[in-house]
Amino acid sequence: MHRNLLFTLLFLGLFYSANSQISIKGVILDYSTKKPISGVAIFISQPDTILLSAADGTFKAEIKSFSSEFILKHIAYTYVDSMKNFQCINEAKSFCDVQLFMIPKNNLFQPVEITANRVENTTAVTYTNISGQQLNKNNFGEDMPFLLESTPSAVVTSDAGNGVGYTGIRIRGSDATRVNISINGVPYNDGESQQTYWVDLPDFASSVDDIQIQRGVGTSTYGISSLGASINIFTNRLDEQPFSKINFSVGSFNLFKTSAAFGTGKIKEHWYFEGRLSKVASDGYIDRSHADLSSFFITSAYKSKSWSSILNIFSGEEHTYQAWGGVPIEILDTNRTYNPYTYKNQTDNYIQTHYQWHNNFYLKHNSEFHVTLNYTKGSGYYEQFEEDQNYSDYGVNDVVIGTDTISSTNLITQKWLDNIYTGAYAQYSRKLNSHLKINGGIAFYYLSGAHFGNVIWAENAQPFGIEYTWYDNDAEKLDGNIFAQLFADYDKFKFFLDLQTRQVNYNFLGVDQFGSQLQQQVDLLFFNPKFGVTWVQNSLLNSYLYFGKSSKEPNRDDYVESSPLSRPSPETLYNVELGEKVRYKGWQVMANVYYMYYQNQLVLTGQLNDVGAYTRTNVPTSYRSGVEIAWSKLFYDRLKWNANFSLSKNVIPLFTEYVDNWDDGSQTAFTYANTDIAFSPAVIAYNELEYIFYKNENRKINTDNNFALALNSKFVGKQYADNTKNTVRSIDSYFLNDIILSYTLESKLIHELRVSAIVQNVLNTQYESNAWVYRYIYEQTQNQLLGYYPQAGRNWILSINCAF
């Protein structure tokens, strides 16, 4: 009898335990403001149910155990707590109070880990963060600059006119040679030209996790010094869960893009493998401006509690028809797609492969040690048909046939670049106490560039022979720097001090003032200090003050096309930033004023130097000043508004222009006071409105879908094509509008299916984004040649993205 009673009590206990309920009372709060969030969808695994938070952010539920899984979803917020191991307040056997926190999506002030070239919200630097998800939301196959067009003070351009092929971005009027680009901390700018060739990394956005764009001098970076902005790209946030993705895009001008990606997730608690393969092709808007691009990205990684190692291998191959000639102003209104090149192989061909090996060691005493090794191999050429070329310019004798002397010929050339870029950087960081953190590091890079040109065909080829090489010179560049950073956090005030010393040694084959070939070397030493302070008044408001100095060397052409006597000096920038970041009733506003004072800024003046070349010349002083405002707001859980606006003044106080005089072979000087810097519009604005028409979430059948319409608008004010502030030589302002329609479905079978379509330049605005000018005097009259780069009118792209 006692045995039967024991079994009965045990059975009742087990039954009670299996069917008992735990009462949960919770509140969902904004992580920063601690204010309640209403309308949050709360999915609870045990039992399988869905709730919505009330107006005061609260909810009530009955769960079966403390191991129940919570998933929070909201149109404007992301869950930041663990989904399983939540913490109870006033915990009892059958009752639990819970606080759950979320952070805003697409937040202007996204928190970012502090590293040597990336900063967090309270650091006194003017920056914009763009997540990989946000970046790829509008990735229809265009190059990276067009995906970054929403950045404050940014202007983009495309040789082909539709964003595929050779593209560029200017930030605060600074061109690609003054915008420092890094990928996982490794410099990407070409070490000699200092240009950034995005065409060599087609569809790279598909592998990006996030981007931070620092405007102005910013913080110390591992590569060339920034004189306008830094774009820091990161790819190494590995996914814990397996995934696969495919994408197809088709559109105007025979645009076609396809890509496939995979990830294994975590294997045996330590290993990760991820990869991507992409193909992009387009005929271009400009005649014959076709592009054939391909790329891949492979990552393997090992992670443990004390060490992580990540190996990245990525490569791009491009074949593009040259479209950099522009459209002469005389036919701009009648033939906007004109391309001066007609030779069928007038192409640019290049392949570049990058290897990056990143190692993080997690040490005791809140410290880390990071080492990265990199190796980049690039090789390619561009081919040109050139008419009426003098034999003497190619180092060969004229052709003599009987009594006739032929001094010129038509020919086809290939100009080659074969380069290697390798290096390493090491960084140590340590949190000394609750107030102080230090970063210190050293970086060293070596560039070897082989430059040579071949004549592969000539109408009168007798002097050339087979594949005649008319120039062949190598260049070597050593670039090293040491930096130290101190971050101090004292309640409402946060400070940082950033000191960098950089050494550059450049060896190249140039000429002297007599035109003789001469091996030359340039040795430069720079000291680049930065300082900032942030005043955090409260969780909704903070202000910052920043000062930074940066210096950088001239580029290859500046050196090679000058003699030691006419060689230009390095540029120096002094940058001051004053900013404010505000959060109020759902508004997020970031405003800043800046002043950028240049010494010896390099600009084109038209002056011929002592070797007969039109190189850039130092102007003693110049400056840029302006105000930038960005804001974000969500209305009624349906309408998202993101926008930014920039006003600037970009001035050279005293500028001298030199114009070729064809009448006597001399140059005539013209002097201007307080003239505008070329390609620096005074007004730039961007606006994005997105409305969610339909949104449905159903936890029980694992679906989440929405239907949205977005309007993106961009205004760029008047730009001048040279530094004379002459309206005749200017680029008119333009206002563009794009409409994006998207449908997204998430389900148990398909993690995400997104179908989207974009109509770009929906109002069919005729506009140009770039130009070139050549001035001359003939028969005592000032004349000019002026070419423009028209961009596409109304065009469309359809994209399908699947993630499993």
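What counts and how
- Residues numbered from 1 in each chain as written.
- Predicted model: local features only at pLDDT ≥ 70, side-chain atom pairs only at ≥ 80, totals over all residues.
- Heavy atoms only, no water.
- Pairing = 2+ DSSP bridges.
- Helix = DSSP H or I, 4+ residues; strand = E, 2+ residues; numbered from the N terminus.
- Core = buried A, V, L, I, M, F, W, Y, C linked by side-chain atoms within 4.5 Å.
- Buried < 20%, exposed > 50% of the residue type's maximum accessible area, 1.4 Å probe, protein only.
- Contact = heavy atoms within 4.5 Å.
- pLDDT = per-residue confidence, 0-100.
- Phe/Tyr/Trp six-rings, centres within 6.5 Å; stacked < 30°, edge-to-face > 60°.
- Lys NZ or Arg CZ within 6 Å of the ring centre and 35° of its normal.

**Student:** In this structure, what is going on with the sheet that holds strand E14 (residues 210-215)? I would like to understand it.
**Tutor:** The pairing of strands in a sheet comes from backbone hydrogen bonds and takes either a parallel or an antiparallel form. Spatially, E9-E14-E15-E12-E13 is the arrangement adopted by the 5 strands of the open sheet, whose pairing is mixed. Every interior strand has two partners, whereas the edge strands, strand E9 (127-131) and strand E13 (186-187), have only one. Note: strand E12 (residues 179-183) against E13, 2 bridges, orientation antiparallel. Note that in E13 the partner of Ile 183 across the bridge is Val 186.

**Student:** Can you walk me through the nonpolar core in this structure?
**Tutor:** Generally speaking, nonpolar side chains in soluble globular proteins are found buried as a group. Of all hydrophobic cores here, the largest spans 26 residues; its most connected members are Leu 135, Met 144, Leu 148, Phe 204, Ile 211, Ile 231 and Ile 233. Those elements giving two or more residues to this core turn out to be helix H3 (144-147), strand E10 (154-158), strand E11 (167-171), E12, E14 and strand E15 (229-234). When near neighbours in sequence (up to four residues on either side) are disregarded, Ile 231 contacts Leu 148, Ile 171, Val 179, Asn 180, Ile 181, Ser 182, Ile 211, Gln 212 and Ile 213. Counting 17 residues, the second-largest nonpolar core is a separate cluster that includes Ile 24, Ile 44, Ala 61 and Phe 70.

**Student:** How should the confidence of the model for the protein chain be read in this particular structure?
**Tutor:** Any residue range with low pLDDT should be treated as having predicted coordinates unsuitable for detailed reading. Averaged over all residues, the pLDDT of the protein chain is 88; the fraction at 70 or higher stands at 89%. Here helix H1 (residues 2-19) stands out as the element of the protein chain with the lowest mean pLDDT, 42, in contrast to strand E39 (residues 719-720), whose mean of 97 is the highest. Note on residues 106-116: pLDDT under 50 across the span, and 43 contacts to partners over four residues away in sequence or across chains.

**Student:** What is the right way to read the packing of aromatic side chains from this model?
**Tutor:** In this description, an aromatic ring pair is defined by two values, namely the gap between the centres and the angle between the planes. Counted by the stated rule, this structure contains 41 aromatic pairs. Taken together, a centroid distance of 5.0 Å and an interplanar angle of 65 degrees make the contact between Trp 271 and Tyr 302 edge-to-face. Of the two residues, Trp 271 is situated in strand E18 (residues 271-282) and Tyr 302 in strand E19 (residues 291-303); the sequence distance between them amounts to 31 residues. Its relative accessible area of 41% is what places Trp 271 among the partly exposed residues. Ring pairing ties together the aromatic residues Trp 271, Phe 273, Tyr 302, Trp 307, Phe 361 and Phe 369, which thus form one cluster. One Lys or Arg, Lys 303, reaches over the ring of Tyr 272 and ends 5.7 Å from the middle of that ring. Between Arg 775 and the ring centre of Phe 670, over which it is positioned, the NZ or CZ distance is 5.5 Å.

**Student:** Which parts of the structure should I look at to understand the pairing of strand E34 (residues 614-635)?
**Tutor:** Note: strand E33 (residues 587-608) against E34, 17 bridges, orientation antiparallel. Bridging across to E34, Gln 601 finds its partner in Val 619. Linking two consecutive strands that pair antiparallel, namely E33 and E34, is a turn of 5 residues; a positive phi of about 80 degrees is found at Gly 612 within it. As judged from the 13 bridges shared by E34 and strand E35 (residues 639-661), these two strands associate in the antiparallel manner. Looking at the pairing, Gly 626 lines up with Ser 648 of E35. Counted along the chain from E34 to the antiparallel partner E35, the turn is 3 residues long, and its residue Tyr 636 has a positive phi close to 55 degrees.

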